[in-house]
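Here are the chains, one letter per residue:
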Amino acid sequence: MDLIPEPSPNVRQLLAFYLEAGVDCALMEEPVDRLAETDIPAAPAPVRETAPPRPVREMPAAMPTVPRSETAPAPEAAIALAREGARTAPTLEALRALLENFEGCALRNTATRLVFADGNPEARIMFVGEAPGRDEDIEGLPFVGRSGKLLDRMIAAIGLDRSKAYIANVIPWRPPGNRTPTPQETQICLPFIQRQIELVNPDVLVTLGNPSTQALLSTREGIMKTRGKWLDYDTGTRTIRALATFHPAYLLRSPSYKRLAWQDLRAIAKALEAAPSR
Ligand code: URA
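Residues numbered from 1 in each chain as written. Predicted model: local features only at pLDDT ≥ 70, side-chain atom pairs only at ≥ 80, totals over all residues. Heavy atoms only, no water.

Student: Lay out the site of the ligand with the relevant residues and their values.
Tutor: Every residue near the ligand is listed here: Gly129, Glu130, Ala131, Pro132, Glu136, Pro142, Phe143, Ser147, Asn169 and His247. One nitrogen or oxygen atom from the main chain of Phe143 is found 2.9 Å from an oxygen atom belonging to the ligand. Asn169 is positioned with one of its side-chain polar atoms (N or O) 2.8 Å from a nitrogen atom of the ligand. Contact with the protein chains hides 92% of the accessible area of the ligand, taken as 240 Å² for the molecule alone. Split by residue class, the shell around the ligand holds 4 nonpolar, 4 polar and 2 charged. (Near = heavy atom within 4 Å. Polar contact = N/O pair within 3.5 Å; in protein donor to acceptor, adjacent residues only side chain to side chain. Areas by Shrake-Rupley, 256 points an atom, 1.4 Å probe, with all protein chains shown as cover. Nonpolar A, V, L, I, M, F, W, Y, C, P; charged D, E, K, R; others polar.)

So, in structure tokens, the structure goes:
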């Protein structure tokens with residue numbers, strides 16, 4: 001029997017295929033045909049016995065001012081710069097400005113913009129997610145897409161809204177195609193969110209989902225074990241009560257866990273009632 005050849009996909013079908021695969025943003029102005037690249041990368045040059053000394057790049061005291069076109073600092077240097085810069089940021093505005101100029105995380109090169117935070121910096125409750133997605137990258141605000149709508153409903157369930165809560169992410173730039181941030185990217189961004197928590201200084205910190213819980217609450221346990229348990233979060237200047245719950249994106253995929261999330265929200269509401277108002 002003759003095989004009938006598959007018809008070639010049209011542009012709409014190709015785009016749908018890419019979208020499905022998570023490819024929903026262009027990294028460059030011009031397309032690059034990787035299949036047409038025939039050059040085999042040159043083998044590294046043999047190390048000369050008397051290699052000339054490498055130029056030493058001076059470590060800036062505060063934030064790196066390396067132009068975008070230059071290579072980002074090595075991860076260890078980027079983590080050190082992030083720690084030093086974040087530690088010295090006196091206000092949230094200063095912290096945001098530092099991040100706007102921070103060249104140590106390559107995610108900023110593929111993201112459209114920085115997604116710093118939303119809500120009230122004076123709030124008694126702070127929610128921290130993992131990283132912005134497509135909608136957040138477009139709007140420059142955390143949790144504005146589908147999972148953001150559910151987060152709004154979760155916040156409303158305890159009688160609050162974004163004017164009474166503060167919302168941020170561990171990673172402030174969208175990873176391309178919403179891929180999981182690498183451990184290195186998380187380590188580089190961690191000092192900034194830690195300083196953000198210290199500056200907001202909420203009474204209750206809520207980590208949303210596994211990545212933010214593991215990064216901030218120093219646990220390797222999965223969310224099924226950590227959720228709903230009160231932990232201490234030490235800012236360095238104060239101990240804050242912290243509770244992990246499910247990420248709203250997870251609840252959208254697995255609605256049967258909403259019941260447990262609801263228990264967590266009730267515990268959060270109780271803790272807020274019990275904590276003396278500032
Ligand atoms: N998921 C997150 O973790 N953060 C956002 O801002 C949006 C989706």
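Student: How would you explain the sheet that holds strand 5 (residues 230–234) if you had to name every residue and give the values?
Tutor: Backbone-to-backbone hydrogen bonds join strands into a sheet, with any given pair of strands oriented parallel or antiparallel. Ordered by their spatial adjacency, 6 strands build an open sheet running 1-3-2-4-6-5, and the pairing between neighbours is mixed. Taken across any chain shown, the strands that pair with only one partner, and hence form the sheet edges, are strand 1 (118–119) and strand 5. (Pairing = 2+ DSSP bridges. Helix = DSSP H or I, 4+ residues; strand = E, 2+ residues; numbered from the N terminus.)

Student: Requested: an account of unusual backbone geometry, with residues and values cited.
Tutor: At Asn178, a residue that is not glycine, the phi angle is positive and equals roughly 60 degrees. With respect to the helices, strands and loops of the structure, Asn178 is situated in the loop between strand 3 (166–169) and helix 7 (183–200). Phi is positive for Asn201, which is not a glycine, with a value near 55 degrees. By the element assignment, Asn201 lies in the loop between helix 7 and strand 4 (204–208).

Student: Could you give an account of helix 11 (residues 258–274), naming the residues involved and the relevant values?
Tutor: Taking 1.5 Å as the rise per residue, helix 11 with 17 residues should run 24 Å; its terminal C-alpha atoms sit 24 Å apart, in good agreement. When helix 11 is considered as a whole, its buried residues turn out to be Leu260, Ala261, Asp264, Leu265, Ile268, Ala271 and Leu272. Down the axis of helix 11, the buried side of the element spans an arc of 145 degrees, and every buried residue falls inside it. Projecting away from the buried face of helix 11 at angles above 90 degrees are the exposed residues Arg259, Lys270, Glu273 and Ala274. Against the buried residues of helix 11 lie strand 2 (125–129), helix 6 (146–157), strand 4, strand 5, strand 6 (239–245) and helix 10 (248–253). (Expected span 1.5 Å × (residues − 1). Buried < 20%, exposed > 50% of the residue type's maximum accessible area, 1.4 Å probe, protein only. Arc of directions from axis to C-beta. Contact = heavy atoms within 4.5 Å.)

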